[in-house]
Amino acid sequence: MDSTERSILTVTCFGHFISHFNMMFFPALILPLTSHFNLDLSLIVPLSFWMYLLYGVTALPWGMLSDRIGAKPLLHLQYIGAGLCAAAAAPALSSPLALSLALGGLGLFSGIYHPAGLGLISRGMSRMSMALGYNGVAGNAGLAAAPLAAGIMNHLFGTQAAFLILGGLNLAGSLAMLALPLHEPKRFPSETRSSGHVRRLALGFGLLCACMILVGLVYRGSTVVLPSYFELRSEALFQRLELVRGWVLSRNVAATALTSLVFVVGMAGQYLGGRVAERFDPRMGYLLFHSLATPFVLAMAYVRGVTLFGASALFFLFILGMQPIENTLVARLTPDRLRHSAYGVKFILNFGIGAFAVHLAGLIERSWDLTAVYLFLAAASAGVAALAAVLVLATRRLSL
């Protein structure tokens, strides 16, 4: 990498880290907030609906704006806006509605990263797939760090202080960008392609969009309830831990620590996915990863304790590992001049529609239990694998 590529990768990796850190901060606090507001879990989970919805549905407008003015000013806006909204969540703990609005603002500004940052990588990095893998590792580090950090902050300082610290971390990102020069990549002219080639690209992107809708439901549905699921289904494991001399952490902290370890495994998956997308046909890699993820999310509905942790780790290895492959496919199926907008389309489908998994999870939990949530996710995951197979067949004449 030259100095320009190193700057792009550094800026985008931190942006990806803090974007996912913001989104995984709330799930670790769900059970403490049930006590704070004296409400059932099924009523606390939907407080994050606007956060996850805006995180996704604003991706296309942010992407179109990035195509027009560039990614750099929008990344600054991400840090400042998300920082102020996270800090506003602390006084907003006076009412569930106020907290939901503050979380909505956090999702709105955190949603800038993916269309701006991933578009920047796809346009400015010579080894795009590998760079997407490294960037995915950084995002996964945010996923891994947030539950444990939120659990520890809540245990030591309380929920209000936890949100204030989150605000400070976001604002620090804007200061870091000022110290690191970043130059926007040049735009490449549009290639002349036959109408048949364009139709095949459009068909491929359309099928990929269908996959990403279901991926959004699987990803958001699994992440939003995972800390609580660990806490409720690892009773025997936590009892054994409490017998360890000197064990002083709460079960909420222990559950968030397990969640963080799962996302650490996912970091390895991101790197693996980047290597697969660079060395092999990304369509086949996409099909393989989703096919391998499905049996493990199904197992999560039936197992407990250490076995639940193992199944969760393997599921997230593949469901997160496929992301660099998916992002490579977005870049290969779209023109450079619309690249930020293409990623905007991806994340409006992936995270915007995926936000409805928050309500689905609450509805399923009220009607049955949390186990049924993972049965639904397994069915959706199998659907992604089936659509990925159709994508492979429909685009077999394309060289990607």
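One structure accompanies this document, and this report is about it.

Description of the pattern of salt bridges
- According to the stated counting rule, one finds 4 salt bridges in the structure shown.
- Close ionic contact of Asp 336 with Arg 123 constitutes a salt bridge, the shortest N to O distance being 3.5 Å. Of the two residues, Asp 336 sits in the loop between α16 (323-332) and α17 (339-352) while Arg 123 sits in helix α8 (residues 113-124), which places them 213 residues apart along the sequence.
- Among the residues examined, Asp 336 registers a relative accessible area of 13% and is labelled buried.
- With its nearest N and O atoms 2.9 Å apart, the salt bridge here joins Asp 281 to Arg 283.
- Look at Asp 281 and you get partly exposed, because its relative accessible area is 29%.

Overview of a nonpolar patch on the surface
- Taken together, the side chains of Leu 148, Ile 152, Leu 156, Phe 157, Ile 165 and Leu 169 make up a nonpolar region of the molecular surface, amounting to roughly 520 Å² of accessible area.
- If one sorts the elements of the nonpolar patch by residue count, helix α9 (residues 128-157) sits on top with 4 residues.
- Within the fold, Leu 148 resides in helix α9.
- Judged by its relative accessible area of 31%, Leu 148 falls in the partly exposed class.

Points about the nonpolar core
- Among the nonpolar cores identified, the biggest contains 128 residues, and Phe 25, Leu 99, Leu 106, Phe 163, Tyr 286 and Tyr 374 are the most heavily contacted of them.
- At 15 residues, the largest contribution of residues to this core is made by helix α11 (residues 195-233).

Overview of the packing of helix α4 (residues 49-57) against helix α7 (residues 96-110)
- At a closest axis distance of 7 Å, the pairing of α4 and α7 adopts a crossing angle of 20 degrees. Put simply, α4 runs roughly parallel to α7. The chirality of how α4 crosses α7 is right-handed. On α7, the residues touching Trp 50, Met 51, Leu 54 and Tyr 55 of α4 are Ser 100, Leu 103, Gly 104, Leu 106, Gly 107, Leu 108 and Ser 110.

Definitions and limits used
- Residues numbered from 1 in each chain as written.
- Predicted model: local features only at pLDDT ≥ 70, side-chain atom pairs only at ≥ 80, totals over all residues.
- Heavy atoms only, no water.
- Salt bridge = Lys/Arg side-chain N within 4 Å of Asp/Glu carboxyl O.
- Helix = DSSP H or I, 4+ residues; strand = E, 2+ residues; numbered from the N terminus.
- Buried < 20%, exposed > 50% of the residue type's maximum accessible area, 1.4 Å probe, protein only.
- Patch = residues over 30% accessible without salt bridge, like charges linked within 9 Å, V, L, I, M, F, W, Y side chains within 5 Å.
- Areas by Shrake-Rupley, 256 points an atom, 1.4 Å probe, with all protein chains shown as cover.
- Core = buried A, V, L, I, M, F, W, Y, C linked by side-chain atoms within 4.5 Å.
- Axes fitted to C-alpha atoms, helices over the stretch in contact; angles between N-to-C directions.
- Parallel < 35°, antiparallel > 145°, perpendicular 65-115°, else oblique.
- Left-handed = near helix turned anticlockwise from the far one by under 90°.
- Contact = heavy atoms within 4.5 Å.

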